[in-house]
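Below are the chains, spelled out letter by letter.
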Amino acid sequence: MIIPQGWEYNYDEEISNDEYEVIEKFFASYRNQNFIVADEYRQDFSMVPLEEEKIIFKINEDIWKSMNFQRKIYHKGKPYIIELGLWRVGHMETDPKCLSVREFRIITNGKVHFIDLNTQDASKNKMLFNIISIFDERKIISPEQAFCKRMYTNKALQEFMVNHDWQKIAEGINQNPSLANALFIIREGYESCSHFTADFGTILYQLISFRINNFNNFNERDLHELDKLILKLSKTELLKVQLHEQTGGSKSWPTSSILLESNNYNSRMHRSQQYNVPNTELEEENKVLNQCIKTLKK
């Protein structure tokens, strides 16, 4: 979540009773799950580049890992957003064998409360124990791992949307109903020579996003047909997944030997993110969905 400028930040304020209860609801939403899908999952690897970095051999063991979790939780009619960031650095014998808390905060009413768990406070120690026990690294998977079997790079859906062929999209779903929850490619490519991004979205997400971005280009009948298709898919997932990869390198001098022109360090960062309603990233799309449902069911 991007926090707007001008919000109030609290770093040392005591946790209120309401915040305690919200945090317990947050823990309960993840407790006893066989696996947990992180909202953002990042790994950094050392690498060996060849052919001017056109070919990259990745060292399989990551040197840095981070995982973020985010949920909107209502308590006593008021919305709270809980954000938890975990990380692990290195694989040395002296490194911790579990994830560490990088960031833990509660956002409500334009206020951001950063919770410091590095204290001797008994209640905060209990929170830290809950985080360590619930968010076991062995149970956490990336959005890429969770959804890769549902990802398709075929661009037929994009073509049908551009041509407003809503009937063909419906026909394709009828031919293979499992595709209603598939993730079809939205865009892919290099943003620069070292940054590559690919976005995927369910049909429901892409139809609503297309509706939002092209609203002024629809006539009344066309918009009605699109909304009927959105209503038909309203029980499917509203989901977007992004994959991002970045490579980089650095050099330093002098070296330890004349056999080395420079000391080289090369790395590859791989990140996947999920955008959905529970983690607050698709609130606008969800409002449009509810609007379509309400209008067509009258």
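The rules behind the values
Residues numbered from 1 in each chain as written. Predicted model: local features only at pLDDT ≥ 70, side-chain atom pairs only at ≥ 80, totals over all residues. Heavy atoms only, no water. Helix = DSSP H or I, 4+ residues; strand = E, 2+ residues; numbered from the N terminus. Contact = heavy atoms within 4.5 Å. Areas by Shrake-Rupley, 256 points an atom, 1.4 Å probe, with all protein chains shown as cover. Lys, Arg positive; Asp, Glu negative; His and termini not counted. Charge placed at Lys NZ, Arg CZ, Asp CG, Glu CD. Salt bridge = Lys/Arg side-chain N within 4 Å of Asp/Glu carboxyl O. Buried < 20%, exposed > 50% of the residue type's maximum accessible area, 1.4 Å probe, protein only. Polar contact = N/O pair within 3.5 Å; in protein donor to acceptor, adjacent residues only side chain to side chain. Pairing = 2+ DSSP bridges. Core = buried A, V, L, I, M, F, W, Y, C linked by side-chain atoms within 4.5 Å.

Asks: How should I be thinking about the overall build of the chain in this particular structure?
Replies: When its secondary structure is counted, the chain shows 8 helices and 14 strands. On the principal axes, the C-alpha backbone points of the chain span a range of 70 × 60 × 40 Å. Residue pairs at least 24 apart in sequence account for 66% of intrachain contacts in the chain once pairs closer than 6 positions are excluded. Carbon and sulfur atoms form 50% of the exposed surface of the chain, whose accessible area is close to 17600 Å². Taking the average place of the 37 positive charges on the side chains of the chain and the average place of its 42 negative ones, the gap between the two points comes to 6 Å.

Asks: Would you take a moment to explain the pattern of salt bridges for this structure?
Replies: One side chain can pair with another of opposite charge once the charged atoms of both are near each other. Counting across every chain of the model gives 18 salt bridges. Between glutamate 137 and lysine 65 there is a salt bridge, and its shortest N-O distance comes to 2.9 Å. Placement of the pair is glutamate 137 in the loop between helix H2 (122–134) and strand S9 (140–141) and lysine 65 in strand S5 (residues 64–75), with a sequence separation of 72 residues. Using a relative accessible area of 7% as the deciding quantity, one classes lysine 65 as buried. Here aspartate 227 makes a salt bridge to arginine 211, at a shortest N to O gap of 2.7 Å. Taken together, the residues span a long stretch of sequence, with aspartate 227 in helix H7 (residues 220–232) and arginine 211 in helix H6 (residues 203–213) at a distance of 16 residues. Summarising the burial analysis for this pair, aspartate 227 and arginine 211 share the class buried. What emerges from the salt-bridge pattern is a single network uniting Asp62, Lys65, Arg88 and Glu137.

Asks: Could you clarify how one ought to interpret the side chain of glutamine 242 in this entry?
Replies: For glutamine 242, the position within the fold is in strand S13 (residues 240–252). Taking the relative accessible area as the measure of exposure, glutamine 242 reaches 11% and is therefore buried. At 2.9 Å, the side chain of glutamine 242 forms a polar contact with the side chain of aspartate 199. Excluding residues that lie within four positions of it along the chain, glutamine 242 makes contacts with Arg187, Thr197, Ala198, Asp199, Arg271, Ser272, Gln273 and Tyr275.

Asks: Explanation requested: the pairing of strand S8 (residues 111–114) in the structure shown.
Replies: Looking along a regular strand, one sees side chains alternate from face to face of the sheet. Sheet topology note: the strand S1 (residues 8–10)/S8 ladder contains 3 bridges and is parallel. Of the residues in S8, the one forming a bridge with glutamate 8 is lysine 111. By the bridge criterion, 4 bridges tie strand S7 (residues 100–108) to S8 in an arrangement that is antiparallel. Paired with arginine 105 across the strands is phenylalanine 114, a residue of S8. Once S7 ends, the chain turns through 2 residues before running back antiparallel as S8, passing asparagine 109 with a positive phi of about 50 degrees.

Asks: Any chance you could explain the nonpolar core here in plain terms?
Replies: Judged by nonpolar contacts, the single largest core of 27 residues is most densely connected at Trp166, Ile169, Ile203, Leu207, Ile230 and Leu233. Among the elements of the structure, helix H4 (156–162), helix H5 (166–175), H6, H7 and helix H8 (283–296) are those that each provide at least two residues to this core. The element contributing the most residues to this core is H6, with 6 residues. Not counting residues within four places of it along the chain, the set of residues in contact with leucine 207 comprises Met161, Trp166, Ile169, Leu226, Leu229, Ile230 and Leu233. Ranked by size, the runner-up nonpolar core spans 26 residues in total, among them Ile73, Tyr80, Ile131 and Phe135.

Asks: When you look at the pairing of strand S6 (residues 78–89) in this model, what are you seeing that I'm missing?
Replies: Where S5 lies against S6, 12 bridges are found, and the strand directions are antiparallel. Each bridged residue has a counterpart across the sheet, and for methionine 67 the counterpart in S6 is leucine 86. Counting the residues between successive antiparallel strands, the hairpin from S5 to S6 contains 2 residues, one of them, lysine 76, with a positive phi of roughly 55 degrees. Relative to S7, S6 runs antiparallel, the two sharing 7 bridges. Note that in S7 the partner of leucine 86 across the bridge is valine 101.

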